[in-house]
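Structural characterization, general
Below are the chains, spelled out letter by letter.
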Amino acid sequence: MQLQVHDGVVVVKLGGELGHHEVETIRNEIEAELERTGHRGLVMSFRDIDFVDSSALGLILGRYRTVTERHGRMALCEVNESLARLFELSGLRRILPVTATVDEALQLVREG
Amino acid sequence: MMNRELQTKVAVDNYLRLQFPAQSENESLARVAVASFAAQLDPTMEQLTELKTAVSEAVTNAIIHGYVDSPGEVRIECAIHQGVVEVVIEDDGVGIEDIEQARQPLYTSRPELERSGMGITIMENFVDELVIESIPEHGTKVRMRKRMAPVLDGQ
């Protein structure tokens, strides 16, 4: 996982497996970064993900809750087919924007 | 010729059993092992990903719901018969009181864990047949079947 800050927005680039075992550490690191920087915007990129299950949905919804509580905005990007299918099944697209690139996601979050 | 017969026999009837402690670091091993076993049917990447995801959901449920993060054992049995893989994931945990409620999309019995409540819905969507049997205080058995290869002549 890579954590970067782009002009006041925390950008998380996720890779590898996103199952129940893996998401706990990721969650803690993202929460710590939001807390440390005080930024309210969050972009999550899933470009280098090899495996996802419903744990990824929990991770995303949990961060959405954090960001919303802080009156910030959040967007998802670079989603592969497997994750897109989980988004469809869960209806997640109705509450969170999904873009093709990090730049588009950043733009959406900054406009808010 | 001998070789071909042997391969056919393996493809028609093969099995794998796994048992491991209910620890989250074993989830990846379990889903990868089942997917590797099913790969002998020469499925598409999509079929294999679906099976792997469904197994991951069931194993995760056994660990966090069955055993509520306390020690226990998860057992998996996979079998192949005529192009269909059957996977049974079993635990001796607390069981499910109300399976219909558990099946509801977005329902979770442990909201404090940041679970999405989509595990069973994903299993139902990713395999052809899903049967959940559970006895409260005794455990849960999830049986899934998925066709991975077309039916061949003579089988």
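Let me begin by describing the structure that accompanies this report. (Residues numbered from 1 in each chain as written. Chains lettered and ligands numbered in written order. Predicted model: local features only at pLDDT ≥ 70, side-chain atom pairs only at ≥ 80, totals over all residues. Heavy atoms only, no water.)

1. A few points about the pattern of salt bridges
Just so we agree on the cut-off: In what follows, salt bridge is the name for a side-chain nitrogen of Lys or Arg lying within 4 Å of a carboxyl oxygen of Asp or Glu. Helix and strand assignments come from DSSP, with helices taken as H or I runs of at least 4 residues and strands as E runs of at least 2, each series counted from the N terminus. Whether a residue is buried, partly exposed or exposed follows from its accessible area with a 1.4 Å probe, protein chains only, as a fraction of its type maximum: under 20%, in between, or over 50%, in that order.
Going through the model one piece at a time under the given rule, you end up with 22 salt bridges over all chains. Two residues, Glu17(A) and Arg31(B), come together in a salt bridge whose shortest N-O distance is 3.4 Å. Within this pair, whereas Glu17(A) is found in strand E2 (residues 9–18), its partner Arg31(B) is found in helix H2 (residues 27–38), the two belonging to separate chains. We classify Arg31(B) as buried; its relative accessible area is 0%. The network of salt bridges with common partners includes Arg85(A), Glu46(B), Glu50(B) and Lys146(B).

2. Thoughts on the interface of chain B and chain A
To be explicit about the condition: Here, residues are in contact when the closest pair of their heavy atoms is within 4.5 Å. Values labelled buried area give the accessible surface lost by two parts on being combined, using a 1.4 Å probe and summing over both. Any pair of N or O atoms that falls within 3.5 Å is considered a polar contact. Within protein, one atom must be able to donate a hydrogen and the other to accept it, and sequence-neighbouring residues count only if both atoms are side-chain atoms.
Taken together, the contact between chain B and chain A spans 25 residues of the former and 22 residues of the latter. Taking both partners together, chain B and chain A bury about 1,900 Å²; carbon and sulfur atoms supply 52% of that area. Among the residues chain B hides against chain A, the three largest losses belong to Arg31(B), Glu114(B) and Ser116(B). Together they make up 29% of the total. Here chain B and chain A share five salt bridges between them. The interface formed by chain B and chain A includes 12 residue pairs in polar contact (both at pLDDT 80 or more).

3. Some details on the packing of helix H3 (residues 45–66) of chain B against helix H5 (residues 119–126) of chain B
Residue and element names in this part refer to chain B. Put simply, the test is: Every axis in this analysis is a line fitted to C-alpha atoms, fitted for helices over the stretch in contact. Angles between the N-to-C directions lie between 0 and 180 degrees. Should an angle fall under 35 degrees it is called roughly parallel, over 145 degrees roughly antiparallel, and 65 to 115 degrees roughly perpendicular, with every other angle called oblique. Note on convention: near helix rotated counterclockwise from far helix by under a right angle means a left-handed crossing. Clockwise means right-handed. Under the convention adopted here, Pro, Cys and the residues Ala, Val, Leu, Ile, Met, Phe, Trp and Tyr are nonpolar, Asp, Glu, Lys and Arg are charged, and Gly plus all remaining residues are polar.
Relative to each other, H3 and H5 sit at 150°, their axes nearing to 9 Å. Taken as axis vectors, H3 and H5 run roughly antiparallel relative to one another. For H3 against H5, the interelement crossing comes out left-handed. Of the residues in H5, those in contact with Glu 50, Thr 53, Ala 54, Glu 57, Ala 58 and Asn 61 of H3 are Gly 119, Ile 120, Ile 122, Met 123 and Phe 126. Across the contact of H3 with H5, the residue classes break down as six nonpolar, three polar and two charged.

4. Brief notes about the nonpolar core
The line we're drawing: As used in this record, nonpolar core signifies buried Ala, Val, Leu, Ile, Met, Phe, Trp, Tyr and Cys residues forming a set joined through side-chain atoms within 4.5 Å.
Core analysis: the biggest nonpolar cluster contains 64 residues, and Met44(A), Ile76(B), Val87(B) and Met144(B) have the highest contact counts within it. Filtering out sequence-adjacent residues up to four positions away, Met144(B) remains in contact with Ala54(B), Val55(B), Ala58(B), Val85(B), Glu86(B), Val87(B), Ile89(B), Met123(B), Val127(B), Glu129(B) and Leu130(B). By size, the runner-up hydrophobic cluster in this structure holds nine residues, among which are Val43(A), Cys77(A), Leu106(A) and Val109(A).

5. So, the sheet that holds strand E2 (residues 73–81) of chain B
All names here are of chain B. Definition in use: Two strands are counted as paired when DSSP detects at least two bridges linking them.
Sheet architecture is open: five strands sit in the order E1-E2-E3-E5-E4, paired in antiparallel fashion. The sheet is open, and its two edges are formed by strand E1 (13–21) and strand E4 (129–135), each paired on a single side. On average, each strand axis in the sheet is inclined to that of its neighbour by 10°, with strand direction left out of account. Here strand E3 (residues 84–91) pairs with strand E5 (residues 139–147) via eight bridges, running antiparallel. By the bridge assignment, Glu 86 is partnered in E5 with Arg 145.

6. Description of the packing of H2(B) against H3(B)
All names here are of chain B. At a minimum axis distance of 9 Å, the contact between H2 and H3 shows a crossing angle of 145°. For the pair H2 and H3, the crossing hand works out as right-handed. Contacts from Glu 27, Ala 30, Arg 31, Val 32, Val 34, Ala 35 and Ala 38 of H2 reach H3 at Leu 48, Leu 51, Lys 52, Val 55, Ser 56, Val 59, Thr 60 and Ile 63. Classifying every residue of the contact of H2 with H3 by side-chain character gives 10 nonpolar, two polar and three charged.

7. Side note on the sheet that holds strand E3 (residues 41–52) of chain A
All names here are of chain A. Read across the sheet, five strands follow the order E1-E2-E3-E4-E5 without closing on themselves; strand pairing throughout is mixed. For this open sheet the edge positions go to strand E1 (2–6) and strand E5 (98–99), each flanked by a neighbour on one side alone. Looking at chain direction, strand E4 (residues 74–77) and E5 are connected through two bridges and run parallel. Each residue of the ladder has a partner; that of Leu 76, found in E5, is Val 98.

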